[in-house]
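For reference, the chains in residue letters:
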Amino acid sequence: RCTVDDRVTRVAWLNRSTILYAGNDKWSIDNRVVILSNTKTQYSIKIHNVDIYDEGPYTCSVQTDNHPKTSRVHLIVQVPPQIVNISSDITVNEGSSVTLMCLAFGRPEPTVTWRHLSGKGQGFASEDEYLEITGITREQSGEYECSAVNDVAVPDVRKVKVTVNYPPYISNAKNTGASVGQKGILQCEASAVPVAEFQWFKEDTRLANGLEGVRIESKGRLSTLTFFNVSEKDYGNYTCVATNKLGNTNASIILYG
């Protein structure tokens, strides 16, 4: 808006040095720019659908009886934060180095932060567009959230899933007692990504499901070896082997009387 009085004889609006309107005559070829009012007290224009290229100085130029006067206004265009590029979900082996990227646009320039959404609470990982993890551990797997913040609108938030592969380790394998004629169960629990496959051995012989009255059941992290009717010959030392593509591990478990 430009406030004028009755001494004004000529009026014009300029964007930098380009004339937009002179009086009621439109000089600009941009159809988003229209004249709003040209009265004895006000000379104003309107810009529809503003974009960032409209930012800058605008000048209202008026001619009075004696000399020209100008009034300047600076248009600042704000843009909500928007994440324009972000890393894809990724699977890596434990010990690898990982770089996650999150590029955002906005005016003013948004602040970009990464945080790890872990079960132990939500810790800030990086106050930057790039999050670098060297020698990643299994505890650092999970979802990472990038947020782009400026004060124009609500933050833009996106997530990336990081899967960390690691070789099996057997976390639980207890010796177990069972009486002759009773049911006996040996359990072997192994953590691994990808999930481990299990094998059971007695001495050097691999046990097969359904043979000699035993059943092997493996589901997720747990494998069980069940004896439906324990006999003396079943007592002894058994080996549970857990394997995935990164390696294998084993544990010795005793079935005793």
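Before reading further, recall that the structure is shown in the block above.
Residues numbered from 1 in each chain as written. Predicted model: local features only at pLDDT ≥ 70, side-chain atom pairs only at ≥ 80, totals over all residues. Heavy atoms only, no water.

## Concerning the state of the cysteines
Inspection of every chain in the model, using the stated rule, returns three disulfides. Paired through a disulfide, C2 and C60 show a sulfur-sulfur distance of 2.0 Å. Between C2 and C60, the S-S dihedral sits near -80°, and the bridge is therefore left-handed. Of this pair, C2 sits in the segment before β1 (10-15) while C60 sits in strand β6 (residues 56-63), and the two are 58 residues apart along the sequence. Each member of the pair, C2 together with C60, is buried. In this model C102 forms its disulfide with C146; the gap between the sulfur atoms is 1.9 Å. Measuring the twist about the S-S bond at about -75°, one finds the C102-C146 disulfide to be left-handed. Remark: C146 occurs in strand β14 (residues 142-149) and C102 occurs in strand β10 (residues 98-107); sequence separation between them is 44 residues. With cysteine numbering restricted to those in disulfides and following the sequence, the chain has the pairing 1-2, 3-4, 5-6. (Disulfide = S-S within 2.5 Å. Helix = DSSP H or I, 4+ residues; strand = E, 2+ residues; numbered from the N terminus. Buried < 20%, exposed > 50% of the residue type's maximum accessible area, 1.4 Å probe, protein only.)

## Focus on the packing of aromatic side chains
In this structure the tally under the stated criterion is one aromatic pair. Seen from their ring centres, F227 and Y238 are 5.4 Å apart, and the 65° between their planes marks the pair as edge-to-face. Note that F227 is positioned in strand β21 (residues 222-227) and Y238 in strand β22 (residues 236-244), a separation of eleven residues in sequence. The exposure class assigned to F227 is buried, which follows from its relative accessible area of 1%. (Phe/Tyr/Trp six-rings, centres within 6.5 Å; stacked < 30°, edge-to-face > 60°.)

## Points about unusual backbone geometry
In this structure, the amide linkage connecting R107 to the following residue, P108, adopts the cis form with an omega of -5°. Secondary-structure assignment places P108 in the loop between β10 and β11 (111-118). The omega torsion of the bond from V193 to P194 falls at -5°, within 30 degrees of zero and hence cis. Of note, N49 is a non-glycine position whose phi angle comes to about 50°, a positive value. Note that N49 resides in the loop between β5 (43-47) and β6.

## Description of the pairing of strand β18 (residues 197-202)
Bridge count between β18 and β22: six bridges; the pairing is antiparallel. In the strand pairing of β22, E197 is matched with T243. One ladder, built from two bridges, connects β18 with strand β19 (residues 205-206); its direction is antiparallel. The residue of β19 that forms the bridge with F201 is R206. In textbook terms, the turn of a hairpin is the stretch between consecutive antiparallel strands, and for β18 and β19 this stretch comprises two residues, one of which, E203, has a positive phi near 50°. (Pairing = 2+ DSSP bridges.)

## Concerning the nonpolar core
Counting 22 residues, the largest nonpolar core has L186, W200, L225, F227 and Y238 as its most contacted members. Mapped by element, the contributors of at least two residues to this core are β17 (184-193), β18, β20 (214-219), β21, β22 and β23 (247-256). By residue number, the principal contributor to this core is β17, which donates four residues. Setting aside residues no more than four positions away along its own chain, Y238 makes contact with L186, W200, F201, K202, L207, L225, F227, A251, S252, I253 and L255. Counting residues in each nonpolar core, the second largest holds 18 residues, with C102, W114, Y144 and V160 among its members. (Core = buried A, V, L, I, M, F, W, Y, C linked by side-chain atoms within 4.5 Å. Contact = heavy atoms within 4.5 Å.)

## Overview of the sheet that holds β19
Taken in spatial order, the five strands of this open sheet run β16-β23-β22-β18-β19, and their pairing is mixed. Of all strands in the sheet, those with a lone pairing partner are β16 (176-177) and β19, marking the two edges.

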